[in-house]
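Each chain is listed here by its residues.
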Amino acid sequence: MTLLETLDRDLIKVPLSSADGSSVIDELVGLYAAKQGLPQAEASSIAAAVKAREALGSTAMENGIAIPHAKLHGLARNAVVIGISRIPVPFGGKEGTRVFFLVLARDDSPAEHIQLLSSIAKVASSQLFVRMLLSSKTPQDVYQLFFE
Amino acid sequence: MKVPFRKILAYLDGSEESISALMYSILLAKSTGAELHAVYVVNTKALSELVRAHIFIDQEKREYLEDLKKDSARHLRHAERLASSKDQDIIVKAIEGSPHIVIQDYVKANGIDLLAIGPVNAIRSRRDELTSENDRMLRTVPCQVLVVRDDSGIWEQFEG
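Residues numbered from 1 in each chain as written. Chains lettered and ligands numbered in written order. Predicted model: local features only at pLDDT ≥ 70, side-chain atom pairs only at ≥ 80, totals over all residues. Heavy atoms only, no water.

1. Some thoughts on the confidence of the model for chain A
Per-residue pLDDT for chain A averages 94, and the proportion of residues at 70 or more is 100%. Here helix α1 (residues 3-6) of chain A stands out as the element of chain A with the lowest mean pLDDT, 89, in contrast to strand β1 (residues 12-13) of chain A, whose mean of 98 is the highest. (pLDDT = per-residue confidence, 0-100. Helix = DSSP H or I, 4+ residues; strand = E, 2+ residues; numbered from the N terminus.)

2. Some points on the side chain of Asp 67 of chain B
Within the element layout of this structure, Asp 67 of chain B appears in helix α3 (residues 58-85). At 2.5 Å, the side chain of Asp 67 of chain B and the side chain of Lys 71 of chain A are in polar contact. Beyond its immediate chain neighbours, meaning those up to four positions away, Asp 67 of chain B contacts Lys 71 and Pro 110 of chain A. (Polar contact = N/O pair within 3.5 Å; in protein donor to acceptor, adjacent residues only side chain to side chain. Contact = heavy atoms within 4.5 Å.)

3. Quick word on the nonpolar core
In terms of nonpolar packing, the biggest core is built from 63 residues, with Leu 7, Ile 67, Val 80, Phe 101, Leu 133 and Phe 146 of chain A together with Leu 22 of chain B touching the most fellow members. Here the element with the most residues in this core is helix α4 (residues 110-124) of chain A; it accounts for 8 residues. Leave out the neighbours within four places in its chain, and Ile 67 of chain A touches Thr 59, Met 61, Phe 101, Val 103, Leu 117, Ile 120 and Ala 121 of chain A together with Ile 55 of chain B. Formed by 24 residues, the second largest nonpolar core is a distinct cluster that contains Leu 11, Ala 66, Val 89 and Leu 102 of chain A. (Core = buried A, V, L, I, M, F, W, Y, C linked by side-chain atoms within 4.5 Å. Buried < 20%, exposed > 50% of the residue type's maximum accessible area, 1.4 Å probe, protein only.)

4. What about the sheet that holds strand β2 (residues 35-43) of chain B?
All names here are of chain B. Taking strand neighbours across the sheet as the criterion, the 5 strands line up as β3-β2-β1-β4-β5 in an open arrangement whose pairing is parallel. The sheet is open, and its two borders are formed by β3 (91-97) and β5 (144-147), each paired with just one other strand. Sheet twist, expressed as the average angle between the axes of neighbouring strands with direction ignored, equals 25 degrees. Two strands pair when backbone bridges link them, and strand β1 (residues 7-12) and strand β4 (residues 114-117) are joined in this way by 3 bridges, in the parallel orientation. Looking at β4, one finds that Ile 8 is bridged to Leu 114. Across the sheet, helix α2 (residues 44-52) is in contact with β2 and β3; its angle to β2 comes to roughly 10 degrees. (Pairing = 2+ DSSP bridges. Axes fitted to C-alpha atoms, helices over the stretch in contact; angles between N-to-C directions.)

5. Considerations on the confidence of the model for chain B
Mean pLDDT over chain B works out to 92, with 93% of the residues at or above the 70 mark. Among the scores for the predicted complex, ipTM is 0.85 and pTM is 0.88.

6. Points about helix α6 (residues 139-146) of chain A
Residues and elements named next belong to chain A. Val 142, Tyr 143, Leu 145 and Phe 146 are the residues of α6 that are buried. Along the long axis of α6, the arc covered by the buried residues comes to 155 degrees, so they all point the same way. Where α6 is buried, its residues touch α1, β1, β4 (79-89), β5 (97-106), α4 and α5 (127-134). (Arc of directions from axis to C-beta.)

7. A closer look at the packing of α2 of chain B against α3 of chain B
All names here are of chain B. Here α2 crosses α3 at 165 degrees, and the two axes come no closer than 10 Å. As far as their axial angle goes, α3 and α2 are roughly antiparallel. Regarding α2 and α3, the two cross each other, and that crossing is right-handed. On α3, the residues that touch Thr 44, Leu 47, Ser 48 and Val 51 of α2 are Asp 58, Lys 61, Tyr 64, Leu 65 and Leu 68. For the contact of α2 with α3, the residue count by class is 5 nonpolar, 2 polar and 2 charged. (Parallel < 35°, antiparallel > 145°, perpendicular 65-115°, else oblique. Left-handed = near helix turned anticlockwise from the far one by under 90°. Nonpolar A, V, L, I, M, F, W, Y, C, P; charged D, E, K, R; others polar.)

See below:
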């Protein structure tokens, strides 16, 4: 599945309410868990996997974007959860991060996971696109940007 | 009438859609007598780019490279089994690199005259950043290209 096929407007949050990296991950995973109807224990386990990966090295890029991710056993399909913060959040980069793409991937489809991350990295490298993302006011605005 | 191709290459990328393209290629090769190749490209270019962008750490790159190699071996074994089930010879290979460049080179080096790929992206976005490897191949490969839609009809034809 491509990035466009994976995007879900219910998995976009603008603005995020968290002020630190760990809470942002919890908030994004919480959005995913609510949509999927997952129990709290499973949500906590997913958040822990994402945080464990971040602990090895921050996924914050230089342009205020971070792409935290984890591969998970038993996931029905890959998911991308997008969050945009009004204020820069410390996430391990030189500057604060405002745009988060949380990628949750099945552990049995490495090629698809890599394609998904590559597509996000490519859109994130467009300064114009990032500016438009940052000026988005609603999840619908963000969703629509990808389809223009 | 003479068949206008002699060598078919099916591109495998680990997706179900590319398996459909392979199945169609097997049927096509069987009915025309064409030589059949299947190549799985381990996308090391994407892995390196993810490290450069700080999305992957080196350890992750190594893990994913191993995962992709296992995935390629699994898919190529499956390709051999599918071809064998139709009594069709197949040449399979896993190659590392940038998919559309690897396929271009393979086509030139092996005299491939028909490339079969899975579906290209629906035009849902004008963003170049979202162009897929299948799109790039379609635009750059120096031979005819067959775009195979992934639908149940192919599976039924294959199993029929």
